[in-house]
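Results of the structural survey
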Amino acid sequence: MKLQMKNYKVDDVQFSSETLYSDGVLSLDKDALIKEVMAGVEGIEIKLSIAKPGDKTRITHVMDSAKPVYKLNGPTFPGLVDASEKVGEGETLTLDGIAVVQTGSYPGVMEGIIDMHGEGSKYSYFSNTVNLVVEMNVIDEMSSETFAKLSKEIVLKTAKLVALAACDQEPTSVQTFEKNQNVDGLKKVGYVCYMESLGLFRNVYLYGKDTTDIRPKVVHPNEIIDGALVSGNFEIAAHKNPTYFHQTNPIITELCKRDGKELSFEGVILSTERGVLEIKESYAKEIALFAQEMNLDGVIISKEGGGHADADLMLCVKELQERGIDTVITLNEIGGPNGDLPPIVSATPEADAVISNGNNDELITFDSVETVLGGEMINGSIDAKTSFESSVGLVYCSTNQLGVNTMAIKEY
Amino acid sequence: MGAKVKVIHYLNQFFSQIGGEEQAFTKPFIREGAIGPGLLLGQLLGEDYEIISTVVCGDNYMADNTEQAVQEVFDLIADLKPDLFIAGPAFNAGRYGPACGVLSKAVGEKFGIPAVSGMYEENPGAEMYRKHAYIIKTNDSARHMRKDVAKMANIARKLVENIEFSDEDMASYFKQGYRKNLFVEKPGAVRAVDMMLQKMEKKPFVTELEMPKFEDVMPSDAIKEMKNAKIALVTEGGVCSLGNPEGLVASRADKYIEFDISEMDRLSNERFQVNHGGYNNTHANNNPNLIVPLDLMRAYEKEGKIGSIHGTLYSTSGNGTSLANSTRFGEEIAQKLLNDGVDGVVLTAT
Amino acid sequence: MAKEIDKVGIPVSIICTITPIAETVGANRIVRAVAVPYPVGNPTVAQEDERAIRNDVLQKSLSALETQITQSITL
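In this text the structure is predicted, and so the values were computed from the model without any measurement.

Once that is clear, we can look at the overall build of chain B. Within chain B, the regular secondary structure consists of 11 helices and 13 strands. Dimensions of chain B, computed from C-alpha atoms along their principal axes, come out at roughly 75 × 55 × 45 Å. Split into buried and exposed, the 350 residues of chain B put 47% on the buried side.

Right, let's talk about the interface of chain A and chain B for a bit. On the side of chain B, 45 residues touch chain A, which itself brings 63 residues to the contact. For the side of chain A that touches chain B, the secondary structure elements donating two or more residues are helix H5 (250-258), strand E20 (298-302), strand E21 (326-333), strand E22 (354-359) and strand E28 (407-411) of chain A. The greatest single-element share of the side of chain A that touches chain B, amounting to six residues, is contributed by E22 of chain A. Looking at chain direction, E28 of chain A and strand E7 (residues 179-183) of chain B are connected through five bridges and run antiparallel. Bridge pairing in E7 of chain B links Ala-408 of chain A to Leu-182 of chain B.

Further remarks concern the sheet that holds strand E7 (residues 62-66) of chain A. Residues and elements named next belong to chain A. Taking strand neighbours across the sheet as the criterion, the four strands line up as E5-E12-E10-E7 in an open arrangement whose pairing is mixed. If you trace the sheet from one side to the other, it starts and ends with strand E5 (44-51) and E7, each paired once. Adjacent strand axes in the sheet meet at a mean angle of 20°, parallel and antiparallel pairs treated alike. The sheet contact formed by E5 and strand E12 (residues 130-138) spans eight bridges and is antiparallel. Looking across to E12, one finds that Glu-45 is bridged to Asn-137.

Another aspect to go through is unusual backbone geometry. Residue Pro-89 of chain B is reached from Gly-88 of chain B by a cis peptide bond, and omega for that bond is 15°. Mapping Pro-89 of chain B onto the fold places it in strand E4 (residues 84-91). At Asp-23 of chain A, a position not held by glycine, the phi torsion is positive, near 55°. Along the chain, Asp-23 of chain A turns up in the loop between strand E3 (20-22) and strand E4 (25-28). For Asp-23 of chain A, a count of 8 C-beta atoms within 10 Å puts it in the exposed group. Phi is positive for Asn-379 of chain A, which is not a glycine, with a value near 55°. Counting through the fold element by element, Asn-379 of chain A comes out in the loop between strand E25 (377-378) and strand E26 (382-383). The exposure class assigned to Asn-379 of chain A is partly exposed, which follows from the 18 C-beta atoms found within 10 Å.

This next bit is on the domain arrangement of chain B. When cut into domains, chain B gives domain 1 (5-171) and domain 2 (226-348). Taking the mean C-alpha position of each, domain 1 of chain B and domain 2 of chain B sit 47 Å from one another.

Moving on, we get to helix H8 (residues 188-200) of chain B. The terminal C-alpha atoms of H8 of chain B, which comprises 13 residues, lie 18 Å apart, in line with the 18 Å expected from a rise of 1.5 Å per residue. Among all positions of H8 of chain B, only Gly-188, Ala-189, Arg-191, Ala-192, Val-193, Met-195, Met-196 and Met-200 of chain B are buried. On its buried side, H8 of chain B packs onto strand E14 (188-195), H5, E20, E21 and E22 of chain A. Note on H8 of chain B: the residue one or two positions beyond its end, Lys-202 of chain B, has a positive phi of about 55°.

We now examine the pairing of strand E10 (residues 98-103) of chain A. Residue and element names in this part refer to chain A. Counting buried residues along E10, six of its six residues qualify, which places the element largely inside the surrounding structure. Of the two faces of E10, the one carrying Ile-98, Val-100 and Gln-102 and the one carrying Ala-99, Val-101 and Thr-103 are both buried. In terms of strand pairing, E7 meets E10 through four bridges, oriented antiparallel. Residue Asp-64 lies in a different strand from E10, and its bridge partner there is Gln-102.

All names here are of chain B. Across the interface, helix H3 (residues 66-77) lies against helix H4 (residues 96-111) with an axial gap of 11 Å and an inter-helix angle of 50°. By the angle between their axes, H3 is oblique relative to H4. Helix-helix and strand crossings are classified by hand; for H3 and H4 the assignment is right-handed. Of the residues in H4, those in contact with Thr-66, Val-70, Val-73 and Phe-74 of H3 are Val-102, Leu-103, Ala-106 and Lys-110. Here the residues of the contact of H3 with H4 are counted per class, giving six nonpolar, one polar and one charged.

All right, on to the pairing of E21 of chain A then. Residue and element names in this part refer to chain A. Counting buried residues along E21, eight of its eight residues qualify, which places the element largely inside the surrounding structure. Both faces of E21 are covered, namely the face carrying Asp-326, Val-328, Thr-330 and Asn-332 and the face carrying Thr-327, Ile-329, Leu-331 and Glu-333. Strand direction decides the pairing type here: E20 and E21, joined by five bridges, are parallel. For Gly-298, the partnering residue across the bridge sits in E21 and is Asp-326. In this fold, E20 hands off to helix H7 (residues 308-322), which returns the chain to E21; that crossover is right-handed. As judged from the four bridges shared by E21 and E22, these two strands associate in the parallel manner. The partner of Thr-330 across the bridge, within E22, is Ile-355.

What follows covers the interface of chain C and chain B. Across the boundary between the two partners, chain C contributes 39 residues, which contact 39 residues of chain B. Listing elements by their share of the side of chain C that touches chain B, those giving two or more residues are helix H1 (2-7), strand E1 (12-16) and helix H3 (47-66) of chain C. Per-element tally for the side of chain C that touches chain B: the top contributor is H3 of chain C, with seven residues. A per-class count over the side of chain C that touches chain B returns 21 nonpolar, 11 polar and seven charged.

Residues and elements named next belong to chain A. Along the chain, the position of Arg-58 falls in strand E6 (residues 57-59). Sequence-wise, Arg-58 and Ile-113 are 55 residues apart; in three dimensions their C-alpha atoms are separated by 6.9 Å. The residues touching Arg-58, leaving out its near neighbours within four places in the chain, are Ile-113, Asp-115, Val-369, Val-372 and Ala-384.

Let us look at H3 of chain C. Think of an α-helix as 3.6 residues a turn; residues three or four steps apart then line up on the same face. Here H3 of chain C spans 28 Å end to end across 20 residues, near enough to the 28 Å set by a 1.5 Å rise per residue. Considering only its buried residues, H3 of chain C is in contact with helix H10 (294-303) and strand E13 (344-348) of chain B together with E1, strand E2 (29-32) and strand E3 (73-74) of chain C.

A separate point is the environment of Cys-57 of chain B. All names here are of chain B. Note that Cys-57 resides in strand E3 (residues 49-57). The class for Cys-57 is buried, based on 29 C-beta atoms found within 10 Å. Placed 29 residues apart in sequence, Cys-57 and Pro-28 show a C-alpha to C-alpha distance of 4.3 Å.

Here the focus is the sheet that holds strand E8 (residues 69-71) of chain A. Backbone hydrogen bonds hold the strands of a sheet together, and the pairing may be parallel or antiparallel. Residue and element names in this part refer to chain A. In spatial order, the strands read E8-E9-E1-E13; together these four strands make up an open sheet with mixed pairing. Each edge of the sheet is formed by a strand with only one pairing partner; in this case those strands are E8 and strand E13 (173-178). Sheet twist, expressed as the mean angle between neighbouring strand axes with direction ignored, is 20°. The pairing of strand E1 (residues 2-9) with strand E9 (residues 90-96) spans seven bridges and is parallel. Considered in E9, the bridge of Met-5 is made with Thr-92. Its contacts with the sheet place helix H2 (residues 144-164) against E8 and E9, and it is angled at close to 75° to E8.

Parameters and conventions
Residues numbered from 1 in each chain as written. Chains lettered and ligands numbered in written order. Predicted model: local features only at pLDDT ≥ 70, side-chain atom pairs only at ≥ 80, totals over all residues. Helix = DSSP H or I, 4+ residues; strand = E, 2+ residues; numbered from the N terminus. Buried ≥ 20, exposed ≤ 12 C-beta atoms within 10 Å, placed from the backbone. Contact = placed C-beta atoms within 7 Å. Pairing = 2+ DSSP bridges. Axes fitted to C-alpha atoms, helices over the stretch in contact; angles between N-to-C directions. Domains from an automatic or database assignment. Expected span 1.5 Å × (residues − 1). Parallel < 35°, antiparallel > 145°, perpendicular 65-115°, else oblique. Left-handed = near helix turned anticlockwise from the far one by under 90°. Nonpolar A, V, L, I, M, F, W, Y, C, P; charged D, E, K, R; others polar. Right-handed = clockwise from strand over helix to strand, strands pointing away.

Next comes the structure, spelled out in structure tokens:
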């Protein structure tokens, strides 16, 4: 499978009378865009705004973020926007440096913020992207299932339509994703991607289908990079893996980069984190059996969420290590404000190679801002314009467990 | 400048030169000035510091009567108003180490002063007390005492004078277990692939998190007569009143709620709901008894299987709750249950 | 929270699904729950079956309280 990602660098975004991309500047016809995104969508209104790095702006109630992308010879976000057909081959165009950030309010949707300036801006990946903020406002009563479905439609359609602006232009660069066949003597590495798929508002979609009941399966990394995996997780801000990071999964991109040079990247095993222990145990075994069949020497494992998800990680490590396969896991910590409490809730001695993406509970002081997008109150109790103290975990994707950020931990 | 920094030094029977094993049962006493290794310590601390007194105690006495011995040491030094406490170094001495550790912790906390000790890595006192005092890594015997005491003096001085520790300083004592966020050059994903390669190629690597050892608590005694027992119900499943007027947040809970269930036969979904971000709340909202089985427990109470159900239900939301909070909630609830004569607890977690 | 209650001498049965977590954090009397969203029950099966399941989980947790132990048990 050969995928060519055509990257278009975006340095600035502005609203204008027409939608076009030229010389790194993306102009958007706001009204036309809203009209097209919301065609056929009832019960919700949206507002579009632009938030740039350095703006004294805070975005609250963040639900999902997506990278503008348009597949040239196939479906964009298969199963959700376009038809559900296999992706991962051919040409796809994508805009770099810009994110579509979706905000919304609904019981069960949890708080998450992005600061575009000040102390808080050190902690989110999206403090460094130009964000097209889609603020959703529910105007008619609707079920949570409908809200989840429409939310997905809105953010993904926006991401597709925005990318379309660059359609006939020359890309800034082209990246090819293709398995290197010249891998003699190189160690075989696989990637296990655990997803938090527990039902409403904590879901991940694979080709548009909710993955709550799927068994572990092997997929081609190109499929994930090409939009097959979408986030429906509106949970804890620092714990969820947004659509943007499925599209740009940093573990996959790093393994692809080194494929054929330092290692042979053999594939991805997707699994969900189930709520029943026996199923967790059986999935861990299945994953290990796949890994054995693939003759893997090493496996990197990531998770989504905390608490019970730690158990999945540890069970999987044990099964793999018992079969002589080396493991590295990546996670974040909940060690209390002083970082002196147990950082995780499940442990196994075989997990001797761990990457830590930071402690969620560490306290930071957020600066005051001039503009708030999303909602005026944080967690229903803090005035979003003010300066306040809260934990790193409040920041959207601050300690993201796919290893997107350069945060680490030092022990004293 | 002004007055010198007042230091109290602690030694066991051997290093204080009062004797060997036969003196190990000596009760705590105090001598003016420095003794034995204290002379070296005083010299290395410098002229702005003075070891005003040395406290001595036999290792066996301290081990067998720890609480009492610690109090006796408090009584000996309280009026001296020390600025700094230094114990040992204990090297690899198995009773001396914990003695230095427990005193460093107790004196440091009681008097609010820096407390420094020194031990060899295999000394049990190091693992037991590294989180509660600054325990410098020493050799396993007094062979290189000068170097070891110099490291202790260095850390002690920097603590008193509020000087930031260098990387070398940090490496000189046993980690206290505080983990702080910082930004590094490479993102986590790149570090993960680096580590994968190092591990597969059997090259040395340093894990960013060592698997924690959790504190084990001795199990409480079993209930002898369940039919006379008062059982309390506690939950971290996020049970709250309908509409959540208590404001129980679905994640990182900062409180627990007390409900009077003494007149209830079950948890009604007209009176209760749940708010817990870690699971799908639908079934629980429909029937909160799936989370807190009050209905079944009442049936057992009527049948005489259990004596009675405690009139208060304690509820919090365990999703992402920091261990600090859940420990604090647990301690408070534990005290209340103790005061109310509860014999056992059924705790539901989700 | 279970540990703090155990510390003052009151035995605690913790009903939970992800028992490795309870085991890791050092809880002593651990009883396996049905599933994360419904630890004491199973609304997806017939009522009589559910009653049996609920009784089973709760009896186990009371049994655990009556069992003298020196180290952690999982029922």
